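Structural features, examined
Here's the letter readout for the chains.
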Amino acid sequence: MDVFVFLPLILPLTALPIARLTEQHLHPRGAARLLTGISIAMALCSAVSLGLIGVVGTAQIPGNPLPDSWSDPEVRAALPYHETVGTAALLVLAVVLLAVGRTLVRHLRIRARARRALGRALPGSSDVALLPDPAPYAYALPGSPRSPGRVVVSTGMLAGLDEDERAALLAHERAHLTHRHHRHLLATQLAGCVNPFLRPLQRAVAYSAERWADEESAQAVGDRRITARAVARAALASHRAPDAYPAFPAFAAPGPVPRRVAALLGPVPTARNWPPARTPAGLAALVAALGTAASALSALNAAIALLLILKAVTPL
């Protein structure tokens, strides 16, 4: 095992350069999918490493639930261990599991509460729910396996937009629902709970999801300037509005709105899912891919080494 078991805890740093560069060199669809995949893979490897460090480090502590043969001197000689590090790893893993469970429960609870409230206020099968509220907001409310999602928009938001801008807003939110962007956001949020080094990827995925929906909206209305104008006006209108449901993708979500508008006023992004090799983004993507592969191999190598040694000393 040696130091390999610790590598997945720090290798997420190799993915940080790609977080910003993908916004400039990849289509938002490819950027969101790539960064989400990297986040999930590295988070799983980090969790496995914490578990392995905890098992190895606490196997010799009296009263632990592990088999007695796991603390045999020959096993301890083959596996580097430290009781303090092992105990700390188990405590960190417990905190991680608590944070992941809390985040997931909170997300599901907000979704369920929002669906119930919306069902009572505006029952029906329409995919657009117009709420009589002067506060300007719009967001995509994911559905359940038995019901589709709905676009929730307030009268205050529509009042500040022209007719073509309203169409752009609705197309944007429908894109969030169609491509299930809430899953990307939730996956990267949970990954950030496992390893703090992955939190920059969470912010990058949130931005890429908004840009992805912007491009779908521009294609639907047939004019990129209309979508850019709608994004800017919606952001100005909702600047001081309360954030009703921050867990869902929102049309005027806080963040780099000027960059979104500038991107919409520029050319259509190239539909590539991987940057060119001889570019800074290509190099960063290669480093991130190698870091992800090294993280997975390190966790797998440590797990196999531990299992083989423990199998050899554990009686059937």
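Within each chain, residues carry numbers counting from 1 in the order of the written sequence. Totals for whole chains, interfaces and linings use every residue, but because this is a predicted model, local features are given only for residues with pLDDT of at least 70 and side-chain atom pairs only at 80 or more, for both listing and counting. Side-chain measures here rest on the full set of heavy atoms in the structure, leaving out hydrogens and waters.

An unreviewed UniProt entry annotates the protein chain as M48 family metalloprotease of Kitasatospora misakiensis.

Salt bridges are counted wherever a side-chain nitrogen of Lys or Arg sits within 4 Å of a carboxyl oxygen of Asp or Glu. Per the stated rule, a full pass over the model turns up 9 salt bridges. Taking the shortest distance from any N to any O, the salt bridge between arginine 229 and aspartate 164 comes out at 3.2 Å. Here the residue arginine 229 occupies a position in helix H10 (residues 224–237), and aspartate 164 occupies one in helix H7 (residues 163–178), the gap between them amounting to 65 residues. Here the term buried applies to any residue with accessible area under 20% of the maximum for its type, exposed to any over 50%, and partly exposed to those in between, with areas from a 1.4 Å probe on protein chains only. Judged by its relative accessible area of 35%, arginine 229 falls in the partly exposed class. Under the relative-accessibility criterion, aspartate 164 is labelled partly exposed at 30%. In this structure, arginine 229 engages glutamate 165 in a salt bridge whose closest nitrogen and oxygen atoms are separated by 2.6 Å. With a gap of 64 residues between them, arginine 229 in helix H10 and glutamate 165 in helix H7 connect regions that are remote in the sequence. Each of Asp162, Asp164, Glu165, Arg229 and Arg233 takes part in a single network of salt bridges with overlapping partners. Put simply, DSSP marks the helices as runs of H or I at least four residues long and the strands as runs of E at least two long, and each gets a number from the N terminus on.

Turning next to the sheet that holds strand E2 (residues 138–141). A pair of strands is considered paired only if DSSP assigns at least 2 bridges between the two. Taken together, 3 strands build an open sheet; the order of strands is E1-E3-E2 and the sheet is mixed. Two strands bound the open sheet, and with one partner strand each, they are strand E1 (128–131) and E2. Taking the axes of each pair of neighbouring strands and ignoring which way they run, one obtains an average angle of 20 degrees across the sheet. Contacts from H7 reach E1, E2 and strand E3 (150–154), with the element oriented near 25 degrees to E2. To get an axis, a line is fitted to the C-alpha atoms, and for a helix only the part in contact is used. The angle between two axes follows their N-to-C directions and goes from 0 to 180 degrees. It only takes one pair of heavy atoms within 4.5 Å for two residues to be counted as in contact.

Our focus in this paragraph is the environment of alanine 159. As for its placement among the helices and strands, alanine 159 is situated in helix H6 (residues 155–159). Given the relative accessible area of 64%, alanine 159 is considered exposed. Taking C-alpha positions, alanine 159 is 8.7 Å from proline 134, a pair spaced 25 residues apart along the chain.

This part takes up the UniProt feature "transmembrane region" (unreviewed entry) in the protein chain. UniProt positions are given in the numbering used here, feature names are shortened, and annotations may be inferred rather than shown by experiment. Residues annotated by UniProt as "transmembrane region" (unreviewed entry) correspond here to residues 6–22, 34–61, 81–105 and 282–310. The distance separating the terminal C-alpha atoms of residues 6–22 is 28 Å; by composition the span is 65% helix and 0% strand.

Moving on, we get to the side chain of serine 295. Inspection of the secondary structure assignment puts serine 295 in helix H12 (residues 280–313). When near neighbours in sequence (up to four residues on either side) are disregarded, serine 295 contacts Pro8, Leu11 and Cys45.

A word on the nonpolar core. With 38 residues, the main nonpolar core has Ile38 and Leu201 as its most contacted residues. Broken down by element, the residue count for this core peaks at 10 residues, all from helix H3 (residues 28–58). Leaving out residues up to four positions away in the same chain, isoleucine 38 has contacts with Ala15, Leu201, Ala288 and Thr292. Each nonpolar core is a collection of buried residues, namely Ala, Val, Leu, Ile, Met, Phe, Trp, Tyr and Cys, held together in the definition by side-chain atoms within 4.5 Å. The next biggest cluster of nonpolar side chains, apart from the first, holds 11 residues, and it includes Ala138, Val151, Leu170 and Leu177.

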